[in-house]
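Residues per chain are reported as follows:
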Amino acid sequence: MYIIGASGHGKVIAEIAESNAIHLDGFVDSDPEKVELLGYPVFNIVPENSDIIIAVGNNRIRKQIASSCVNSTFNTLFHQFATISSRANLDVGTVVMAGATVNVHARIGMHCIINTNASVDHDCVLGDFVHISPNVALAGNVYIGEGTHIGIGACVIQGIKIGKWCTVGAGAVIIKDIPDGCTVVGNPGRIINKIKS
């Protein structure tokens, strides 16, 4: 298996693979200066017909990479110290870090990141390319649209709907629905920017 992205996020993904006894062939990164990481070689192109996982935190770039890797098979990785309900559904390319919890009937899309110690409670739905940062708490029945990034330590109360391609700032407390393309900060969360579609 190859890891696309030879940086900090890639290191974490590599250790998750190692903890699951998955053989790593190396990293892939567009930076020609990078030749080795954690004792693994770094290549500049993705080998054809290979198993890969994308280790890039930026949701838009992760989506671009996923769209370009048409001849590859995407893996899904869960840290051995993550707690994932057997009744949850996690799609291809998704990674779940150490200490994270994904509860019953949660549905997680493709190429999502559930980061360290994050909590995704029952019946939550996360679209593709969502990033849930460390120590985020999503209560039950939360919906998060494609490409949205929930910042470190943010809290979202039950039943909230957050649109596509939003950014929720670190430590924000979300108690109202958020439309697509918004940046939200504070306690309670308030919209400070909205991308015009």
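The structure we're discussing is the one just above.
This section reports on the structure supplied with the text. All residue numbers here refer to positions counted from 1 along the written sequence of the relevant chain. Whole-chain, interface and lining totals are the exception, using all residues; otherwise, since this is a predicted model, local features are given only for residues with pLDDT of at least 70 and side-chain atom pairs are given and counted only at 80 or more. Hydrogens and water are ignored here; the side-chain numbers use all heavy atoms of the structure.

**A closer look at the environment of Thr83**
Numbering of helices and strands runs from the N terminus, with a helix taken as a DSSP run of H or I at least four residues long and a strand as a DSSP run of E at least two residues long. By the element assignment, Thr83 lies in strand E8 (residues 83-84). Each C-alpha atom of the pair Thr83 and Asn103 lies 7.9 Å from the other, and the pair is 20 residues apart in sequence. Contacts of Thr83, omitting those with residues within four sequence positions, involve Ala100, Thr101 and Val102. By definition in these notes, contact holds between two residues if any of their heavy atoms fall within 4.5 Å.

**Digging into the pattern of salt bridges**
Throughout this description, the term salt bridge denotes a Lys or Arg side-chain nitrogen within 4 Å of a carboxyl oxygen of Asp or Glu. With the rule as written, the count across this model stands at two salt bridges. Its salt-bridge partner being Lys34, residue Asp29 comes within 3.7 Å of it at the nearest N-O pair. Classification of Lys34 as partly exposed rests on a relative accessible area of 24%. Exposure is judged per residue with a 1.4 Å probe applied to protein chains only, and the accessible area is read against the type maximum: over 50% gives exposed, under 20% gives buried, and values in between give partly exposed.

**Section: the pairing of strand E5 (residues 51-54)**
The pairing of strand E1 (residues 2-4) with E5 spans three bridges and is parallel. Its bridge partner lying in E5, Ile4 is registered against Ile54. Strand direction decides the pairing type here: E5 and strand E6 (residues 73-74), joined by two bridges, are parallel. Looking across to E6, one finds that Ile52 is bridged to Phe74. We call a crossover right-handed when, viewed with the strands running away from us, the connection from the first strand over the helix to the second turns clockwise. With respect to chirality, the unit in which E5 leads through helix H2 (residues 59-68) into the neighbouring parallel E6 is right-handed. Pairs of strands are assigned from DSSP output, requiring at least two bridges between the strands.

Shape is all these values report; function is a separate question.
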